[in-house]
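Read off the chains here:
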Amino acid sequence: MSKSKNKGGKPAQNNKDVSKKTDEKDVKEVDEKISEETAEAAEEAEVTEAAEEAADEVKSVKEDAPAKEEISEKADEAEKEDKTEEKKEKKSGSSSKKKPMSKKAKEREANAKFRALPFTEKCRKDPVIPVCIALVFVAIIVAAIYFIVPNAVTPSMGMTLEEFETRFNQAEVAQSLLNSGLDFRYGSVPYVDPAAEPSILGDQELLKGDKNYVDFFAGPSKSTINSGIEGATRKNDGELSYVRVYIEYGDDFNPVWMLMSNTIQTLYPEIAMHDAMDLAMIKLGEYNGDTRYYVKGDYGFRIVPVKKGEITYIVIDIVPRKTVDASQIREDLDAATPAVPAVTEAVATTAAST
């Protein structure tokens, strides 16, 4: 048996070598395995550390997330605004390119340019301007002819014919005479042609109206006594240029006295009836052929006897004070008030003068 097992001797040695080789191989495999496991463990450790670092980063990212979200929101808003502005610019640019300027915009632009021009250039570009200026001058001239010139040539008494009639008819003297059956009030006075109806003053007429600027009127009163009124009103405003009231003078002096008293109250409503009657008596009593004016306030009046055929009239001629020059003034009643003479003396003097 031993021979068979150890036949040749070398096989036994080979087995030993094989075992050694086997052991070395196993050691190598173990070492490789250990090294592999060590490497794997190292890799696992590295992976774990990386995972932990990633987790920390995620955590920090989560903690910083609100601030980053706010920043991102602001960035988004800014981006939206930029995009909106860009869209607007694009729209405006496209509209300016695509849509033409409106008529109103063109007119405003043209007007602005026109206003910036000098006056001479404006007149050259628009001939309507000098035409309008010329028309304005023409209108001023026409207004001057219609208003200024007549007012300068024909001063006014500051009241119309209707206002004079109303004041005359409603004065205290006229109202008191109605109770006595005497009515010398005036009704509707017609306008007349002065050529066909000459003034009662005839050649004693001092203030004559220009028919280019005034209209003439004349008519009787309601009284049974022969009396009436005449005068002229301005064409542009209807105000009196002058007015004359007259009454027949016969055997009775009282109608003349009452007519003048009522006329004084018409011109000066502030004067009471008895004061007006006293003033009328004084001035009638002073008459001595002097036909100059008494002036008071805005008016001047004078007493003028006139004979027409067999009839004698007493005319009270009333004019604006501004038409009376200094040489035509007999007395300024605003400056002095003379004493009242006796009624009988005034009546006697007036009758003798007439």
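Structure shown above.
These figures come from a predicted structure and were not determined experimentally.

### Focus on the packing of aromatic side chains
Counted by the stated rule, this structure contains seven aromatic pairs. With a centroid separation of 4.9 Å and 45 degrees between ring planes, the pair formed by Phe168 and Tyr186 is classed as tilted. Here Phe168 is found in helix H6 (residues 161–169), whereas its partner Tyr186 is found in the loop between helix H7 (172–178) and strand E1 (191–192), with 18 residues between them in sequence. Classification of Tyr186 as buried rests on a relative accessible area of 2%. Ring geometry for Tyr268 against Tyr299: centres 6.0 Å apart, planes inclined by 65 degrees, an arrangement best described as edge-to-face. In this pair, Tyr268 is assigned in the loop between helix H8 (254–267) and helix H9 (273–286) and Tyr299 in strand E6 (residues 299–308), connecting sequence segments 31 residues apart. A connected cluster of aromatic rings, assembled from ring pairs, spans Phe164, Phe168, Phe184 and Tyr186.

### Thoughts on the nonpolar core
Burial of nonpolar side chains together is a common tendency in soluble globular proteins. In terms of nonpolar packing, the biggest core is built from 43 residues, with Phe164 and Ile318 touching the most fellow members. Elements with a minimum of two residues in this core: H6, H7, strand E4 (240–248), H8, H9, E6 and strand E7 (311–320). Of all hydrophobic cores here, the second largest spans eight residues; its members include Val214, Phe216, Tyr293 and Val295.

### Details of the pairing of strand E5 (residues 293–296)
It is a general feature of regular strands that their side chains alternate between the two faces of the sheet. Here E5 shows a buried face lined by Tyr293 and Val295 and a second buried face lined by Tyr294 and Lys296. Taken together, the three bridges between E5 and strand E8 (residues 329–332) define a ladder with parallel strand orientation. Note on E8: the bridge partner recorded for Val295 is Asp332. Of the pairings in the sheet, the one linking E5 to E6 comprises three bridges and is antiparallel in character. Within the sheet, the bridge partner assigned to Val295 lies in E6 and is Gly300.

### Description of the pairing of E7
Counted residue by residue, E7 has nine buried out of 10 residues, so it is predominantly covered. In this sheet, E7 lies alongside E4 in antiparallel orientation, the contact comprising six bridges. Residue pairing for E7: Glu248 is matched across the bridge by Tyr313. Bridge count for E6 against E7 is 10 bridges, and the pairing is antiparallel. Note that in E7 the partner of Val304 across the bridge is Val315. Counting the residues in the hairpin turn of E6 and E7 gives two residues, including Gly309, whose phi is positive at 70 degrees.

### Observations concerning the side chain of Ser223
Mapped onto the elements, Ser223 comes out in the loop between strand E2 (214–220) and strand E3 (227–234). The exposure class of Ser223 is buried, given its relative accessible area of 11%. A distance of 2.9 Å separates a polar side-chain atom of Ser223 from the backbone nitrogen of Ile225. Among residues more than four places away in sequence, those in contact with Ser223 are Leu182, Asp183 and Phe184.

### Remarks on H9
Taking 1.5 Å per residue as the helical rise, H9 with its 14 residues ought to reach 20 Å, and the 20 Å between its terminal C-alpha atoms agrees with that figure. Most of H9 is tucked away, with 10 of its 14 residues classed as buried. Among all positions of H9, only Met273, Ala276, Met277, Leu279, Ala280, Met281, Ile282, Lys283, Leu284 and Gly285 are buried.

### Some thoughts on the packing of H8 against H9
In the contact formed by H8 and H9, the axes pass within 8 Å of each other and the chain directions differ by 120 degrees. Between H8 and H9, the angle falls in the class oblique. Crossing hand, H8 versus H9: right-handed. Of the residues in H9, those in contact with Val256, Trp257, Met258, Met260, Ser261, Ile264 and Gln265 of H8 are Met273, Ala276, Met277, Leu279, Ala280, Met281, Lys283 and Leu284. Counted by class, the contact of H8 with H9 contains 12 nonpolar, two polar and one charged residues.

### Considering the sheet that holds E5
Strand pairing within a sheet occurs via backbone hydrogen bonds; the two strands may be parallel or antiparallel. The eight strands are arranged E1-E2-E3-E4-E7-E6-E5-E8 in an open sheet whose pairing can be described as mixed. Two strands lie at the open edges of the sheet, namely E1 and E8, each paired on one side alone. In terms of strand pairing, E1 meets E2 through two bridges, oriented antiparallel. Paired with Val192 across the two strands is Phe216, which belongs to E2. Its contacts with the sheet put H6 on E1, E2, E3, E4 and E7, and the angle it makes with E4 is roughly 40 degrees. Strand contacts of H8: E4, E6 and E7, with the helix running at about 160 degrees to E4, the strand carrying the most contacts.

Here is what the cut-offs are and how they apply
- Residues numbered from 1 in each chain as written.
- Predicted model: local features only at pLDDT ≥ 70, side-chain atom pairs only at ≥ 80, totals over all residues.
- Heavy atoms only, no water.
- Phe/Tyr/Trp six-rings, centres within 6.5 Å; stacked < 30°, edge-to-face > 60°.
- Helix = DSSP H or I, 4+ residues; strand = E, 2+ residues; numbered from the N terminus.
- Buried < 20%, exposed > 50% of the residue type's maximum accessible area, 1.4 Å probe, protein only.
- Core = buried A, V, L, I, M, F, W, Y, C linked by side-chain atoms within 4.5 Å.
- Pairing = 2+ DSSP bridges.
- Polar contact = N/O pair within 3.5 Å; in protein donor to acceptor, adjacent residues only side chain to side chain.
- Contact = heavy atoms within 4.5 Å.
- Expected span 1.5 Å × (residues − 1).
- Axes fitted to C-alpha atoms, helices over the stretch in contact; angles between N-to-C directions.
- Parallel < 35°, antiparallel > 145°, perpendicular 65-115°, else oblique.
- Left-handed = near helix turned anticlockwise from the far one by under 90°.
- Nonpolar A, V, L, I, M, F, W, Y, C, P; charged D, E, K, R; others polar.

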